[in-house]
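For reference, the chains in residue letters:
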Amino acid sequence: MRLKDCHNFQNFRSLARQKLPGPIFHYIDGAADDECTYRRNTAAYDDCDLIPNVLAGVEHVDMSVEVMGQKLDLPIYCAPTALQRLFHHEGERAVARAARKHGTMFGVSSLATVTIEEIAAITDSPKMFQFYFHKDRGLNDALLERAKAAKFDVLALTVDTITGGNRERDLRTGFTSPPRLNLSSLISFAMHPSWAWNFLTRGKFDMPHLSGYVAEGTNVAVSVGDYFSTMLDQSMDWDDAEKLCAQWGGQFALKGIMSVEDAQRAVDIGCTGIMVSNHGGRQLDGSRSPFDQLAEICDAVGDKVDVICEGGIQRGTHILKALSVGAKACSGGRLYLYALAAAGEAGVDRALNNLRTEIERDMKLMGITSLDQLSRDNLRFR
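One structure accompanies this document, and this report is about it. Predicted, not measured: the structure shown is a model, and the values here were computed from it.

The next subject is the pattern of salt bridges. Once the charged atoms of two side chains with opposite charge are near each other, the side chains can pair. Counted according to the given criterion, the structure contains 19 salt bridges. The residue Glu 358 makes a salt bridge to Arg 315 at a minimum N-O spacing of 2.7 Å. Taken together, the positions of Glu 358 in helix 15 (residues 334-366) and Arg 315 in the loop between strand 10 (306-310) and helix 14 (316-325) put the pair 43 residues apart, joining distant regions of the chain. Across the pair Glu 360 and Lys 364 runs a salt bridge, and its minimum N-O distance is 3.8 Å. Here Lys 364 and Glu 360 lie together in helix 15, a separation of four residues that amounts to about one turn.

As structure tokens, then:
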């Protein structure tokens, strides 16, 4: 398979599997426990049907949205994900450039492999910094100040990683960050010489936001689950989130909200956005899918805060369904990570362009010219 053969999410997934050593691919592809929630995240959209209208004059359509004060040319943005240089040597640089080309937002993780300062220099498009709340309060303060200085538009506090999920694929493959070699992984890396060459010769692997504070993940091979369980502050509570929101003083979101009660508390502490997300099924297996839970949350707080649906999105129709329920926008990680692994910036560009083409086509087939014309009237649940 080649990049020109990638017409959809599953095509990119297949090409990524071809390009990556097994432990790296399964880190992207895997989820918690039996991976039931991971599968449900996408399957939930299949239980909802779209009802189109016709004869609506749809020669020109507007795919733009405004979310958390940011004007996006697409109703989908690139959610923050960690360790991107493991998937392709261009890492976050490639995603930032592709997101800029398509006029959408790019989220940068605390566990990024490129600095927020460099990302700020690469793109003037909307940018989100994803914040992990560490035990080291000095590190927390440094992350906040760097995001402010780099003029990031949105701060998103991840709230569903209070401990690491049971990612059994990583246990089986021995995945760590940075990669640790054992017999089985050595064979897999040897069978992917292009990946190994780029990883070893394109600069030292690092997570620069943590340098000087945290050894884990930079020069000590540990699993991501271990990192969450040992380095993040498990005492984090609503008071901490409210204080961080006030310290930031701008567009502020909580990433990982799944209950109506928590959505209402997010409004109370001053959030301007919430990401309805279960971390791609990588934390609590058996939890509800974001799309299944979306209506309850939109009904409770959709007029007070921007609700973003994140998880399981593979098609333009999935996005239209989420916006019809009441989400202001959607976001996703795997939808561009497979593409990054497949072909770097060109892969992410193609993945976003595929979604742009699908959204435009699907809007015309739905008989709408702007996304605010969507509503639950054009949905039926099975």
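Structure's up, so let's keep going.
Positionally, Arg 93 belongs in helix 4 (residues 91-101). For Arg 93, a relative accessible area of 27% puts it in the partly exposed group. Separated by 25 residues in sequence, Arg 93 and Glu 118 have C-alpha atoms that sit 8.2 Å apart. For Arg 93, the contacting residues outside a window of four places in its chain are Val 114, Glu 118, Ile 119 and Ile 122.

The strand order around the closed barrel built from eight strands is 4-5-6-7-8-9-10-11, with neighbouring strands paired in parallel fashion. Each adjacent strand pair in this sheet contributes to an overall mean axis angle of 25°, direction not counted. Relative to strand 9 (residues 273-276), strand 8 (residues 251-257) is paired through four bridges, and the arrangement is parallel. Within strand 9, the position partnered with Ile 257 by the bridge is Val 276. Packing against the sheet, helix 14 makes contact with strand 4 (76-81), strand 10 and strand 11 (329-332), and its axis sits at approximately 135° to strand 11.

Calculation rules
Residue numbering note: each chain is counted from 1, following its sequence as written. In view of the model being predicted, local features appear only for residues whose pLDDT reaches at least 70, and side-chain atom pairs are presented and counted only at 80 or more, with totals across whole chains, interfaces and linings using the full set of residues. As a rule here, side-chain values come from all non-hydrogen atoms in the structure, and water together with hydrogens is ignored. Criterion for a salt bridge: a side-chain nitrogen of Lys or Arg within 4 Å of a carboxyl oxygen of Asp or Glu. Going along the chain from the N terminus, every DSSP run of H or I of four or more residues is numbered as a helix, and every run of E of two or more is numbered as a strand. Exposure categories follow from relative accessible area, calculated using a 1.4 Å probe and restricted to protein chains: below 20% of the type maximum is buried, above 50% is exposed, and the middle band is partly exposed. Contacts are residue-level and defined by heavy atoms, with any inter-residue pair within 4.5 Å sufficient. In this analysis, strands are considered paired if DSSP registers two or more bridges between them. Orientation is described by lines fitted to C-alpha atoms, with helices fitted over the stretch in contact, and by angles between N-to-C directions that extend from 0 to 180 degrees.

By themselves, these figures tell us nothing about what the structure is for.
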